[in-house]
Amino acid sequence: VSFSRRTNDVGLILKPEGFQVDTEATRHAATHWVESWPHWLEEEGCFWEGHRRPSVVVSDIAPQPFLLAMALRVPAMAVSNFTWREMYQELLGEPLLATKLDAAYREATIALVPQMGGTLPFSATKAVGWVVRSATRSRQEIRRSLGVPEDAPLVYLSFGRAAAGMEKEVLSKGHTPFRLLLTEGTPGPKDALYFPLSDTKSQDYVAACDLVVSKAGYSTIAEAVAGHVSMLLLRRDQVPEDRCSLERIEGWGFGEGVEETDLADGLWVEKAVDALVRRDQYNHVYAAATLDLC
């Protein structure tokens, strides 16, 4: 595999010590990011001069790779449940930014839209199922490796790189009456368990848990759904992707939302305990659902 390191997108900039979007910082970063596209395309063009032209360009979901595909005269495929166009349009309301994003996304030959996808700005789309990796090891095998009995409640807690450090804040409010599974390197209580960053199959660990506490990101949700694990998801109505995803999850009965204030003051623990008590209910909901897993 040959690759070059590039800044493909800037995402959402969060306010310090919180989960809410800093719209001014995000507007500044997004504006400079779009302005950098010509330089990005020039560097990528130089990279491909030394390599055989690709058969297809796939992006999730940076827009400028579609401009690269147009320059290389190869087809391009998007794979995502959202785009930065609708995210930034609602959060920032910048018409010029939206226009440039639209122009890039229109160059995609086709977009594969997994579950929880909205109306996306592509000329051709194809709806697909849950795009997620199936577990490669059983719940029992993972629990044995962690030293957790089969009947002991295990809760996976993670808020992703964008909110790095928030796990420590959320866990500082007192004891949790269940075992916690955290990502390696996350500060946690003495009895917390960790899965190593060197193990790339995070879906195996999620499937071995009884509850996921997370922001409403697609990958974590999809892994929880694939493992039939219930969820407590951060409610951020300000963020279009989060709002849409949580509405779907609550509508299907796979989990429920939790307010940032509940995370900040420790009330999420009570909600987690209630969700663990109702594990059989979630098992029935999943058993009755028809899940198209890719």
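Look a little higher up for the structure.
Residues numbered from 1 in each chain as written. Predicted model: local features only at pLDDT ≥ 70, side-chain atom pairs only at ≥ 80, totals over all residues. Heavy atoms only, no water.

Once that is clear, we can look at the overall build of the chain. When helices and strands are counted, the chain shows 13 helices and 10 strands. For the chain, the C-alpha radius of gyration of 20 Å lies close to 19 Å, the compact-globule estimate for 294 residues. Along the first, second and third principal axes, the C-alpha atoms of the chain reach 55 × 40 × 35 Å. Relative to its 294 residues, the chain shows a buried fraction of 46%. When the accessible surface of the chain is totalled, it reaches about 14,600 Å², and 51% of it is carbon and sulfur. Charge-centre separation for the chain: the mean point of 30 positive side chains lies 4 Å from the mean point of 40 negative side chains. (Helix = DSSP H or I, 4+ residues; strand = E, 2+ residues; numbered from the N terminus. Rg over C-alpha atoms; globule rule 2.2 N^0.38 Å. Buried < 20%, exposed > 50% of the residue type's maximum accessible area, 1.4 Å probe, protein only. Areas by Shrake-Rupley, 256 points an atom, 1.4 Å probe, with all protein chains shown as cover. Lys, Arg positive; Asp, Glu negative; His and termini not counted. Charge placed at Lys NZ, Arg CZ, Asp CG, Glu CD.)

In the structure shown here, the tally under the stated rule is 19 salt bridges. Arg236 is the partner of Asp242 in a salt bridge, and the nearest nitrogen-oxygen pair spans 2.8 Å. Taken individually, Asp242 and Arg236 each receive the classification buried, so the pair is uniform in this respect. Bridged by salt links that share partners, the residues Arg139, Arg143, Glu150, Asp210 and Arg279 form one connected network. (Salt bridge = Lys/Arg side-chain N within 4 Å of Asp/Glu carboxyl O.)

Take the layout of surface pockets next. What the second largest pocket holds in volume is close to 360 Å³. Lining the second largest pocket are 17 residues, and of these Asn8, Trp40, Glu44, Pro65 and Leu68 sit closest to its centre. Listing elements by their share of the lining of the second largest pocket, those giving two or more residues are helix H2 (37-49), strand E1 (57-59) and helix H3 (64-72). A total of 4 residues in the lining of the second largest pocket trace back to one element, the largest contributor, which is H2. Taken together, the residues that form the lining of the second largest pocket break down as 11 nonpolar, 4 polar and 2 charged. (1 Å grid on protein atoms, 1.4 Å probe; cavity = no way out; pocket = protein on both sides within 12 Å on 5 of 7 lines; lining within 4 Å. Points joined across faces, edges and corners; volume = space filled by probe spheres on them. Nonpolar A, V, L, I, M, F, W, Y, C, P; charged D, E, K, R; others polar.)

Bridging between strand E9 (residues 230-234) and strand E10 (residues 255-258) involves 4 bridges; their strand directions are parallel. For Leu232, the partnering residue across the bridge sits in E10 and is Glu256. For the segment spanning E9, helix H10 (residues 240-252) and E10, crossover handedness is right-handed. (Pairing = 2+ DSSP bridges. Right-handed = clockwise from strand over helix to strand, strands pointing away.)

Right, let's get into the sheet that holds E1. Spatial ordering of the open sheet is given by E1-E2-E3-E4, a layout of 4 strands whose pairing is parallel. Of all strands in the sheet, those with a lone pairing partner are E1 and strand E4 (125-127), marking the two edges. Averaged over neighbouring strand pairs, the angle between their axes works out to 20° when direction is ignored. Of the strand pairs in this sheet, E1 and strand E2 (residues 76-79) are connected by 3 bridges, and their pairing is parallel. Directly across from Val57, in E2, lies its bridge partner Ala76. (Axes fitted to C-alpha atoms, helices over the stretch in contact; angles between N-to-C directions.)

As a packed pair, helix H1 (residues 23-35) and helix H4 (residues 84-92) sit with axes 11 Å apart at the nearest point and diverge in direction by 135°. With respect to H4, the axis of H1 lies oblique. Crossing of H1 against H4: the hand is left-handed. In this structure, H1 contributes Thr23, Thr26, Arg27, Ala30 and Trp33 to the contact, and H4 contributes Trp84, Tyr88, Leu91 and Leu92. (Parallel < 35°, antiparallel > 145°, perpendicular 65-115°, else oblique. Left-handed = near helix turned anticlockwise from the far one by under 90°. Contact = heavy atoms within 4.5 Å.)

A separate point is unusual backbone geometry. Peptide bonds are mostly trans, and most non-glycine residues show a negative phi. The omega angle of the peptide bond from Asp60 to Ile61 is -5°, so this bond is cis rather than trans. Relative to the assigned elements, Ile61 resides in the loop between E1 and H3. One non-glycine residue, Met116, lies in positive phi territory at about 80°. For Met116, the position within the fold is in the loop between strand E3 (110-113) and E4. In the Ramachandran plot, His228 falls in the positive-phi region, its phi being about 60° despite a non-glycine side chain. Tracing the backbone through its elements, the reader meets His228 in the loop between helix H9 (218-226) and E9.

Applying the stated criterion across every chain, the model contains 16 aromatic pairs. Ring centres 6.3 Å apart and planes at 75° place the aromatic pair Phe66 and Phe122 in the edge-to-face group. Here Phe66 is found in helix H3, whereas its partner Phe122 is found in the loop between E3 and E4, with 56 residues between them in sequence. Owing to a relative accessible area of 11%, Phe122 belongs among the buried residues under this scheme. Ring centres of Tyr105 and Phe122 lie 5.4 Å apart, and the angle between their planes is 75°; on these two criteria the pair is classed as edge-to-face. With a gap of 17 residues between them, Tyr105 in helix H5 (residues 95-105) and Phe122 in the loop between E3 and E4 connect regions that are remote in the sequence. For the pair Tyr105 and Phe122, one class covers both residues: buried. Grouped by ring-pair contacts, the aromatic residues Trp33, Trp37, Phe82, Trp84 and Tyr88 constitute a single cluster. (Phe/Tyr/Trp six-rings, centres within 6.5 Å; stacked < 30°, edge-to-face > 60°.)

Treat this as a map of the structure, not an account of what it does.
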